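As a plain string of letters, each chain reads:
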2 protein chains.
Amino acid sequence: MENGYDKSQLRDLHMLVEHIGPFREGTHLFREGDAFNAIAAVRGGTVKTYVTDTAGREQVQGFFLPGEVIGLNAISSNRYPCNAVALDAVTLCRFSFPNIAALARRLPGLQEHLFRLLSQDIGKAALLAGNYTTDERMAAFLLTLSRRYAARGFSAHRFCLTMSRTDIANYLRLAPETISRVLRRFQDEGLIKVERRELTLTDAARIEELARAVLRG
Amino acid sequence: MENGYDKSQLRDLHMLVEHIGPFREGTHLFREGDAFNAIAAVRGGTVKTYVTDTAGREQVQGFFLPGEVIGLNAISSNRYPCNAVALDAVTLCRFSFPNIAALARRLPGLQEHLFRLLSQDIGKAALLAGNYTTDERMAAFLLTLSRRYAARGFSAHRFCLTMSRTDIANYLRLAPETISRVLRRFQDEGLIKVERRELTLTDAARIEELARAVLRG
DNA sequence: CGGTCATTTGAGAAGCCTCAATATTAGTGG
DNA sequence: CCACTAATATTGAGGCTTCTCAAATGACCG
């Protein structure tokens, strides 16, 4: 336990946690405009958040893997500003936000943790906003997936792309066809091996090199 | 007073506020990697935040007008993840973050306010990340400037672009030449009137129409 | 086996960038 | 007050990257 919470505090925390799911692929966890009352940590599966613009195009805002928190951007307006959908079987830990905020007043460590979580997400959103080439963006995308899986104990060099090519395209602001072509070229150049949605990083060093501009270190 | 703080609470708040500046145009308020200890609200002037990527290109992350808060994205790592520079004469209110976080534990309203601020910034960053046309992005940029100035009591349809065309380009992920051409075309089409850095919105309705895809309502 | 959907592949077009030249502005010093 | 310089902004021409449209392929499911 590295949280620094004692037993009674953990009991308090436990009181506001609600395990929900599993949700099947395609299930919406919340929709744009829904009243906000809880944030949630992904326990298993992948969640995609997105909005649909006035022209009907889907703008993917992010993919959330196990251990990552969704709903933080809903605090400011008390409504979810985007849709969230399960890309595979998803289970969640649901935290009542009013309750956790109240508890955070008594537990400095928890308040700090929440501030940190929120602050992190600002930076993550800024990442993709940058002006980078197609290759840089794809490399950064694959590398962050790799690192996030690794952080959760999964393999860093071999994992499954739980999202479709179209989802990746809408996330990286490219056409689906471009995703196909870049992945193929990366494979031809020996950077990766991709078969269907199974992905292997065969030359992580060069991927990192490409992604450096985006990820900065 | 709409804050909901009483007199003694305001005194507490006042204790942690430090008015600093003015800083001259070009002055760096902080640099990437600097130790984080305070957030700051802009009192006057404009602040630009940016990072420089490995290829030496400047990636502008945002412009901050009076009333807006800088430094929130530094909380998570305890270091500023970007540079901040004054675009004109800038004055700031500086808040020691450890102190304000401590105070927030006693003032639920303040804690909520901070959560809101942080949450808002997540959404702002996501805005620009979307996949939009040049015209949509430019219209959204001009319209948000207009709204932000209006929120602070300045004119909504006439204001000064305190940043260079190059800054706008680096923010909107376009070439400076493209900025020039779009502004000229907008003017030719009667949407705006631009002379030097003085900008007038002559057809706010059509600007809003263009920006709708980005701003969503 | 047939149908549906995701993905791949190709060809052509469009949009934006790059490069280069010119124009304009602001600042400086005579 | 004016000339000179440097920086910013504008404009034009051509090229490149990515998109769009269309078709073919392959995977999965009943």
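Throughout this description, residue numbers start from 1 for each chain and increase along the sequence as written. To label them, take the chains in the order written and letter them from A, then take the ligands in the order written and number them from 1. This being a predicted model, a pLDDT of at least 70 is required before a residue's local features are given, and a value of 80 or more before pairs of side-chain atoms are given or counted; all residues contribute to the totals for chains, interfaces and linings. To get the side-chain values, take all heavy atoms of the structure and skip hydrogens and water.

A.B. asks: What exactly am I supposed to notice about the protein's contact with DNA strand D here?
C.D. replies: Working definition: residue near molecule or strand if any one of its non-hydrogen atoms lies within 4 Å of it. Taken together, 16 residues are adjacent to DNA strand D, and Thr134(A), Thr178(A), Ser180(B), Arg181(B) and Arg184(B) come closest. The share of sugar and phosphate among atoms of DNA strand D within 4 Å of the protein is 63%. A distance of 2.8 Å is found between a base nitrogen of DNA strand D and a side-chain nitrogen or oxygen belonging to Glu177(A). Within the side chain of Arg197(B), an N or O atom sits 3.0 Å from a phosphate oxygen of DNA strand D. Polar contacts here mean pairs of N or O atoms no more than 3.5 Å apart (in protein, one a potential hydrogen donor and the other a potential acceptor; neighbouring residues in sequence count only if both atoms are side-chain atoms).

A.B. asks: In this structure, what is going on with the protein's contact with DNA strand C? I would like to understand it.
C.D. replies: Around DNA strand C, 16 residues are found, and the nearest of them are Ser180(A), Arg184(A), Thr134(B), Thr178(B) and Arg196(B). Backbone atoms, meaning sugar and phosphate, form 65% of the atoms of DNA strand C found within 4 Å of the protein. Arg165(A) places a polar main-chain atom, nitrogen or oxygen, 3.1 Å from a phosphate oxygen of DNA strand C. A distance of 3.2 Å separates a base oxygen of DNA strand C from a polar side-chain atom of Arg181(B). Sort the elements by how many residues they give to the surface near DNA strand C and helix H6 (residues 176-188) of chain A lands first, with four residues. Strands are runs of DSSP state E lasting at least two residues, helices are runs of H or I lasting at least four, and both sets are numbered from the N terminus onward.

A.B. asks: Which parts of the structure should I look at to understand the domain arrangement of chain A?
C.D. replies: The parts lose accessible area when they come together, and the size of an interface is often stated as this lost area. All names here are of chain A. Each domain of chain A was delimited in the assignment, giving domain 1 (7-122) and domain 2 (130-215). The source of the domain bounds is an automatic or database domain assignment. For domain 1 and domain 2, the distance between their C-alpha centres works out to 25 Å. Residue contacts follow a heavy-atom distance rule, with two residues in contact if any of their heavy atoms lie within 4.5 Å. With 15 residues of domain 1 at the contact, the number on the domain 2 side is twelve residues. In total, about 1,100 Å² of surface goes out of reach between domain 1 and domain 2, with carbon and sulfur atoms giving 56% of it. Salt bridges are identified by distance alone: a Lys or Arg side-chain nitrogen within 4 Å of an Asp or Glu carboxyl oxygen. Where domain 1 packs against domain 2, one counts two salt bridges. Notably, a salt bridge pairs Glu 68 with Arg 148, separated by 2.8 Å at the nearest N-O pair. On inspection of domain 1 and its partner domain 2, the count reaches five residue pairs in polar contact (both at pLDDT 80 or more). The buried area of a pairing is the accessible area, by a 1.4 Å probe, that goes missing from both parts when the two are put together, added over both.

A.B. asks: Just to check I follow, could you spell out the side chain of Thr162(B) for this structure?
C.D. replies: All names here are of chain B. Within the secondary structure, Thr 162 sits in the loop between strand E9 (158-160) and helix H5 (165-172). For Thr 162, a relative accessible area of 15% puts it in the buried group. Only 2.9 Å separates the side chain of Thr 162 from the side chain of Thr 46, close enough to count as a polar contact. In this view, Thr 162 contacts Thr 46, Leu 87, Asp 88, Tyr 149 and Arg 197; residues no more than four positions away in its chain are not counted. Per-residue accessibility, obtained with a 1.4 Å probe over protein chains only, is compared with the maximum for each type, and a residue is labelled buried under 20%, exposed over 50%, and partly exposed between these values.

A.B. asks: Mind showing me how you'd approach the pattern of salt bridges here?
C.D. replies: Side-chain pairs of opposite charge can arise where the charged atoms are in close proximity. Residues and elements named next belong to chain A. For the coordinates displayed, the defined rule picks out 32 salt bridges over all chains. Among the salt bridges present, the one from Glu 195 reaches Lys 193, with a minimum N-O distance of 3.8 Å. Glu 195 gets classed as exposed once you look at its relative accessible area, which sits at 54%. Given a relative accessible area of 47%, Lys 193 falls into the partly exposed group. In the salt-bridge network here, residues are joined through shared partners; they are Lys 48, Glu 58 and Asp 167.

A.B. asks: Is there a simple way to explain the interface of chain B and chain A in this structure?
C.D. replies: If you look at the interface, chain B gives 39 residues, while chain A gives 40 residues. Note on chain B versus chain A: buried area summed over both sides is about 3,600 Å², and carbon and sulfur give 57% of it. Sorting the residues of chain B by area buried against chain A places Phe115(B), Ile122(B) and Arg216(B) first, and these three jointly supply 19% of that buried surface. Across the chain B-chain A interface, the total number found is four salt bridges. Note that Glu32(B) is salt-bridged to Arg216(A), the shortest N-O span being 2.6 Å. The greatest single-element share of the side of chain B that touches chain A, amounting to 13 residues, is contributed by helix H3 (residues 108-129) of chain B. Three classes are used: nonpolar for Ala, Val, Leu, Ile, Met, Phe, Trp, Tyr, Cys and Pro, charged for Asp, Glu, Lys and Arg, and polar for all others, with Gly counted as polar. Residues that form the side of chain B that touches chain A fall into these classes: 17 nonpolar, twelve polar and ten charged.

A.B. asks: Is there a simple way to explain the packing of aromatic side chains in this structure?
C.D. replies: A ring pair, where both rings are aromatic, is described by two values, the distance of the centres and the angle of the planes. Two aromatic rings, drawn from Phe, Tyr or Trp (for Trp, its six-membered ring), form a pair once their centres lie within 6.5 Å of each other, and the interplanar angle then sorts them: stacked below 30 degrees, edge-to-face above 60, tilted otherwise. Counted according to the given criterion, the structure contains 19 aromatic pairs over all chains. Between Phe36(B) and Phe97(B) the ring centres are 5.6 Å apart and the planes differ by 50 degrees, which places this aromatic pair in the tilted class. Here Phe36(B), found in the loop between strand E2 (28-30) and strand E3 (38-44), pairs with Phe97(B), found in helix H2 (residues 97-106); they are 61 residues apart in sequence, far enough to count as distant. The two residues Phe36(B) and Phe97(B) agree in class, both being buried. Among the aromatic side chains, those forming a connected cluster through ring pairs are Phe30(A), Phe36(A), Tyr80(A), Phe97(A), Phe115(A), Phe30(B), Phe36(B), Tyr80(B), Phe97(B) and Phe115(B). Note on geometry: a ring has a charge over it if NZ (lysine) or CZ (arginine) is within 6 Å of the ring centre and within 35 degrees of the ring normal. Between Lys48(A) and the ring centre of Tyr50(A), over which it is positioned, the NZ or CZ distance is 5.1 Å.

A.B. asks: Help me out: how do you make sense of the relation of the copies chain B and chain A in this one?
C.D. replies: Both copies of the chain are related by one operation, a rotation about an axis with a shift along it. The least-squares superposition of copies is restricted to C-alpha atoms, and to residues with a pLDDT of at least 70 in both copies. For the pair chain B and chain A, the relating rotation is 180 degrees, the translation along its axis is 0.0 Å, and the fit reaches an RMSD of 0.1 Å. Taken together, these values place the two copies in the relation of a two-fold axis. Here 100% of the interface residues in chain B have copies in chain A that are interface residues too; the copies meet face to matching face.

A.B. asks: In this structure, what is going on with the packing of helix H2 (residues 97-106) of chain A against helix H3 (residues 108-129) of chain A? I would like to understand it.
C.D. replies: When two helices pack together, their arrangement is given by the angle between the helix axes and by the axis-to-axis distance. Residue and element names in this part refer to chain A. At their nearest, the axes of H2 and H3 sit 5 Å apart, and the two run at 125 degrees to each other. Between H2 and H3, the angle is such that the two are oblique. Contacts from Ile 100, Leu 103, Ala 104 and Arg 106 in H2 reach Pro 108, Leu 110, Gln 111 and Leu 114 in H3. Axis lines are fitted through C-alpha atoms, for helices just across the contact stretch, and the angle between N-to-C directions can take any value from 0 to 180 degrees. In what follows, roughly perpendicular refers to angles from 65 to 115 degrees, roughly parallel to angles under 35, roughly antiparallel to angles over 145, and oblique to any angle outside these ranges.

A.B. asks: Would you take a moment to explain the sheet that holds E3(B) for this structure?
C.D. replies: Within a sheet, neighbouring strands are paired by backbone hydrogen bonds and run either parallel or antiparallel to one another. Residue and element names in this part refer to chain B. Only strands joined by at least two bridges in the DSSP assignment are considered to pair. What the four strands build is an open sheet, ordered E1-E8-E3-E6; its pairing is antiparallel. Whereas interior strands pair on both sides, the edge strands pair on one side only; in this sheet they are strand E1 (17-23) and strand E6 (69-70). Those strands touched by H2 are E3 and strand E8 (90-96), and its axis lies near 55 degrees from that of E8.

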